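# Residue-level structural notes
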Amino acid sequence: MNDPRRTYWLSMHASYGCRHAGACCSSGWAIALEREKVDAIQLLRADRGWLLPAPGAPTEVAGVIAYGRGGRCVFHRDGCEIQRASGHDALPSACQHFPREVLIDPRGIFVTLSHYCPTAADLLFEHHGPVEIVAGPPAVPGGTPEGLNAVDVLPPLLTGSMLMDHEGYAAWEAHMVQTLTTRDTRSPEEALAILDGQVKSLQRWRPGKSPLADAVRNLRDDCADTAIPEPFVSVTFFPVVKRLLAAHAFASWMAYQGNGLPSVVRKLHLTLATLRMEVAGLRDRACGPLTASALKDAIRQTDLQLVHLADRDHLARRLSGWV
Ligand code: SF4
């Protein structure tokens with residue numbers, strides 16, 4: 001049972017700490033800055049050239065931080081000048097959060113990571129064994145967690161006409177993570193085929209006999225009823241790719257933005273398909289077997305597209321068959 005006051009992480013992410021790789025500071029992103037943080041940052045500069053207008057931004061936003069050649073933030077000089085001078089609290093909220101992706105719902109605060117961050121991507125390779133959902137540190141050190149706030153909305157859909165309850169969804173979320181991170185020799189494609197079959201099975205559940213959470217716990221993992229595509233990575237990398245999928249299954253905004261259970265699993269297929277394309281692109285440019293370093297690059301590009309560049313609302317409508 002979750003505690004709504006607590007913050008939950010995947011065990012492989014719980015030790016995350018910034019190692020100052022600088023990817024987020026040199027990507028040419030428009031970093032919005034909250035008005036109350038302007039004065040402290042202004043002390044670091046003689047002029048106001050560092051803050052650009054942001055027409056149409058919410059009223060609490062003063063502007064966006066300028067960046068220079070190569071998309072490098074003007075404050076990125078051997079690390080972040082703002083953090084060095086005034087600490088983590090002084091950073092724009094976007095910088096405090098990266099690479100954390102936060103879902104807040106009546107069960108609690110759920111944090112997954114964007115593996116566009118090289119440090120987060122490393123955690124996919126460094127973890128060993130099954131991944132669990134664990135209570136962990138606050139989502140954002142020194143800040144207020146922001147993300148998808150689903151506290152006051154209905155629980156995710158089981159079918160087009162039936163909602164899950166939060167306990168049932170929590171059981172399904174834990175089930176996805178477990179299915180994706182146990183059995184190291186099971187391919188990512190097979191794991192998704194199993195989840196596909198289980199979605200169909202679970203959608204036949206009806207209220208009355210037993211709680212939805214029990215139905216989730218009683219699912220069998222031998223109900224893959226579709227042809228399973230050939231894996232595109234060697235068995236050595238199955239656990240790494242499945243951990244990436246688990247990170248997209250956990251704290252999923254898609255559960256609330258899309259049509260619930262089906263859209264969450266479709267998003268996992270999209271994640272795997274995007275990674276497959278990224279790996280194919282790398283193979284076109286380099287010969288020889290896929291290396292861990294090349295897979296890490298492909299994972300970073302996958303999350304760049306799906307977490308940072310995609311229009312998530314539109315994606316949710318597409319994956320739900322609403323457009
Ligand atoms: S403000 Fe600091 S943390 Fe944010 S992008 Fe610029 S250098 Fe990086």
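Predicted model only: the values in this text are computed from it and were never measured.

### Considering the packing of aromatic side chains
Any two aromatic rings considered together are summarised by their centre-to-centre distance and by the angle between their planes. Counting across every chain of the model gives five aromatic pairs. Centroid distance W29 to Y116: 5.4 Å. Interplanar angle 45°. Geometry classified as tilted. Taken together, the residues span a long stretch of sequence, with W29 in the loop between β1 (7–10) and β2 (31–34) and Y116 in the loop between β6 (108–113) and α4 (118–126) at a distance of 87 residues. Residue Y116 is classed as buried on the basis of its relative accessible area of 9%. With centroids separated by 5.9 Å and ring planes inclined at 70°, the aromatic side chains of F110 and F250 adopt a geometry described as edge-to-face. Placement of the pair is F110 in strand β6 and F250 in the loop between α8 (238–249) and α9 (254–257), with a sequence separation of 140 residues. Here F110 falls in the buried class, since its relative accessible area comes to 0%. An aromatic cluster of at least three residues, connected via ring pairs, comprises Y8, F110 and F250. The ring of F110 carries R107 above its face, with NZ or CZ at 4.1 Å from the centroid. Taking the ring centre of Y116 as reference, the NZ or CZ of R300 above it sits at 4.7 Å.

### Structural notes on the pairing of strand β5 (residues 100–105)
A regular strand carries its side chains on alternate faces of the sheet. Counting buried residues in β5 gives six out of six residues, a clear majority hidden from the surface. With burial as the criterion, each face of β5 is covered, one bearing R100, V102 and I104 and the other bearing E101, L103 and D105. In the sheet, β5 pairs with β6 via six bridges, with the strands oriented antiparallel. Within β6, the residue paired with I104 across the bridge is I109. From the end of β5 to the start of β6, which pair antiparallel, there are two residues. The pairing of β5 with strand β8 (residues 148–149) spans two bridges and is parallel. Residue pairing across strands places I104 opposite N149, the latter belonging to β8.

### Here we look at the sheet that holds strand β4 (residues 61–65)
Strand pairs in the sheet, formed through backbone hydrogen bonds, run parallel or antiparallel to each other. Strand order in this open sheet of three strands is β2-β4-β3, and the pairing throughout is antiparallel. A strand with exactly one partner marks an edge of an open sheet, and here the two such strands are β2 and β3 (51–52).

### Thoughts on the pattern of salt bridges
Tallied over the entire structure, the rule returns 13 salt bridges. Close ionic contact of R19 with E126 constitutes a salt bridge, the shortest N to O distance being 3.6 Å. Note that R19 is positioned in the loop between β1 and β2 and E126 in helix α4, a separation of 107 residues in sequence. Looking at R19, the relative accessible area reads 47%, which means it is partly exposed. The exposure class of E126 is partly exposed, given its relative accessible area of 41%. With a closest N to O distance of 2.8 Å, R45 and E81 form a salt bridge. With R45 in the loop between α1 (38–42) and β3 and E81 in helix α2 (residues 81–86), the pair connects residues that are 36 residues apart, well separated along the chain. For R45, a relative accessible area of 19% puts it in the buried group.

### Describing the site of the ligand
Surrounding the ligand, one finds C25, C73, F75, H76, C80, I82, L91 and C95. The residue inventory of the shell around the ligand, partitioned by class, reads seven nonpolar, one polar and no charged.

Criteria and cut-off values
- Residues numbered from 1 in each chain as written.
- Predicted model: local features only at pLDDT ≥ 70, side-chain atom pairs only at ≥ 80, totals over all residues.
- Heavy atoms only, no water.
- Phe/Tyr/Trp six-rings, centres within 6.5 Å; stacked < 30°, edge-to-face > 60°.
- Helix = DSSP H or I, 4+ residues; strand = E, 2+ residues; numbered from the N terminus.
- Buried < 20%, exposed > 50% of the residue type's maximum accessible area, 1.4 Å probe, protein only.
- Lys NZ or Arg CZ within 6 Å of the ring centre and 35° of its normal.
- Pairing = 2+ DSSP bridges.
- Salt bridge = Lys/Arg side-chain N within 4 Å of Asp/Glu carboxyl O.
- Near = heavy atom within 4 Å.
- Nonpolar A, V, L, I, M, F, W, Y, C, P; charged D, E, K, R; others polar.

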